[in-house]
Amino acid sequence: MSEAIERVSVVGGGLAGCEAAWQLARRGVPVDLYEMRPVTRTAAHATEHLAELVCSNSFRSRSLTTGAGLLKEEMRRMGSLMIAEGEAHQVPAGSALAVDRTRFAQAISERIASLPGLRLIRRELETLPEGMTIVATGPLTGQPLSESIRELLGAEHLYYYDAISPVVNAESVDAAVAFRASRYDENPGDYLNLPLTQADYYRLVDAVTEAEKVPVRSFERFFEGCLPIEEMARRGRETLAFGPMRPTGLLDPASGQRPYAVVQLRQENREGTLYNLVGFQTKMTYPEQKRVFSLIPGLSKAVFVRYGSLHRNTFINAPQHLLPTLQWRGAPRLFFAGQITGVEGYIESAASGLLAGVNAARLATGAKLVTPPATTALGSLLHYITDTGREAFQPMNVNFGLFPSLSFKAKGRRKKEFMAERSLRDLERWWLETGEDGVAGAVRQA
């Protein structure tokens, strides 16, 4: 490794920070990766592992006709560490890619620790390091550093609260009630399903509505894609039945009928000993969670190994501050990546870390910085978070609504298929033109 190449600091050891550090080191750029845990802990993390997943263990759909599935395929072709390890440690989840969160985080930690030229520094930073830096501190940025970034940007951070779903011991779920199925799947399926009658459903909704909650101040807001169940229940008595508890595509084998509502449990680890309550992120107090969720048929004796909780998600006004290369407009040697940029979701965060790492490596080695075509999943997401014409900025998952229109008319699934074909074609052409294709191939084989 050449001593002439500048050492790059990456602040934050989550998905985005680890992906950025991996891309830098694999390109021969020395890296200092800062992670404040376990010296400073957070309200959401349980371990000191890098890339720990604190909410769901799902990377969402694999299908190329979904934004998440297409983005994963783009990342795979670009040599993403997160996708490689996610697939290596997947657990059954139907059409989704879900991972054993413990093994996944352990594997990422080991891969990062083995990188040549990388120093892992376990301490909390109160100010940003000197020199080229990627800020990937995520939604749980420490208060001192958050204040330092606020002062640097000259603007207040935006923020909202995100919620975590509970996890139960599989053995404590009543096997006489639960049935295994995935929606519209004739095979046994990957989810445990707990059917509810109309009376069961209304009793649960009433209990959720009346339960004691962790106080949230009036100016704090939730991301629409991850609403607490009590917030959904507050919006209407049937909201949950048309949301995470929708019974569409499911038949209870005990009755041969579709339940009025259903609670789905998704496998949390490879051994299948833990399951999380899909879509049941909550701000109820711990004792109330135990009481209320025990009303769900099949969970009367459930052992909760993790209760749901709330944590603050911090993000900057990216359209005001970031270039499509993920550089800060005020200083090109400062990059931002991950949820702090306003992308929402594991895959989106890791993808932004990938591009930030690639571009920081190119800047460090004197190469021209790159941005993917807007017709790609990553390119469309970057356009969303860096569009200077955007006045009211809120976090966003990748979705086909962000993509440029096709040059011809198409509808429904076929339209998405055409968009996916265009995306991968344009990505391959662009990636080859950047000269990064050979690096990504070596990364995939590493």
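Here the structure is a predicted model, which means the values were calculated and not measured.

Examining the nonpolar core
Formed by 91 residues in total, the largest nonpolar core has its most connected members in Leu24, Phe59, Phe104, Ile112, Ile134 and Phe336. If one sorts the elements of this core by residue count, helix H10 (residues 346–364) sits on top with eleven residues. Residues contacting phenylalanine 104, with those up to four places away along its chain left out, are Leu15, Ala51, Leu53, Phe59, Met82, Glu85, Gly86, His89 and Val99.

Focus on the packing of aromatic side chains
Scanning the entire structure with this criterion turns up 14 aromatic pairs. Measuring from ring centre to ring centre gives 5.8 Å for phenylalanine 59 and tyrosine 346, while their planes differ by 70°; the resulting arrangement is edge-to-face. Here tyrosine 346 lies in helix H10 and phenylalanine 59 lies in strand E3 (residues 58–61), a separation of 287 residues in the sequence. By relative accessible area, which is 1% here, phenylalanine 59 ends up buried. Summarising the aromatic geometry, the rings of tyrosine 286 and tyrosine 307 are spaced 5.2 Å apart at their centres and angled 25° between planes, so their arrangement reads as stacked. With a gap of 21 residues between them, tyrosine 286 in helix H8 (residues 286–293) and tyrosine 307 in the loop between strand E14 (304–306) and strand E15 (309–315) connect regions that are remote in the sequence.

Side note on the pattern of salt bridges
Side-chain pairing between opposite charges can occur once the charged atoms of the two side chains come close. One pass over the full model with this rule turns up 25 salt bridges. Residue glutamate 436 is joined to arginine 27 by a salt bridge in which the shortest nitrogen-to-oxygen separation is 2.8 Å. Residue glutamate 436 is found in the loop between helix H12 (412–434) and helix H13 (437–445), and its partner arginine 27 is found in the loop between helix H1 (15–26) and strand E2 (31–35); the two are separated by 409 residues along the sequence. Residue glutamate 436 is classed as buried on the basis of its relative accessible area of 5%. Since its relative accessible area comes to 16%, arginine 27 is described here as buried. Here aspartate 100 and arginine 103 are joined by a salt bridge, their closest N and O atoms 3.1 Å apart. Exposure remark for arginine 103: the relative accessible area of 30% places this residue in the partly exposed category. What emerges from the salt-bridge pattern is a single network uniting Glu73, Arg76, Arg77, Glu87 and Glu428.

Parameters at a glance
Residues numbered from 1 in each chain as written. Predicted model: local features only at pLDDT ≥ 70, side-chain atom pairs only at ≥ 80, totals over all residues. Heavy atoms only, no water. Core = buried A, V, L, I, M, F, W, Y, C linked by side-chain atoms within 4.5 Å. Buried < 20%, exposed > 50% of the residue type's maximum accessible area, 1.4 Å probe, protein only. Helix = DSSP H or I, 4+ residues; strand = E, 2+ residues; numbered from the N terminus. Contact = heavy atoms within 4.5 Å. Phe/Tyr/Trp six-rings, centres within 6.5 Å; stacked < 30°, edge-to-face > 60°. Salt bridge = Lys/Arg side-chain N within 4 Å of Asp/Glu carboxyl O.

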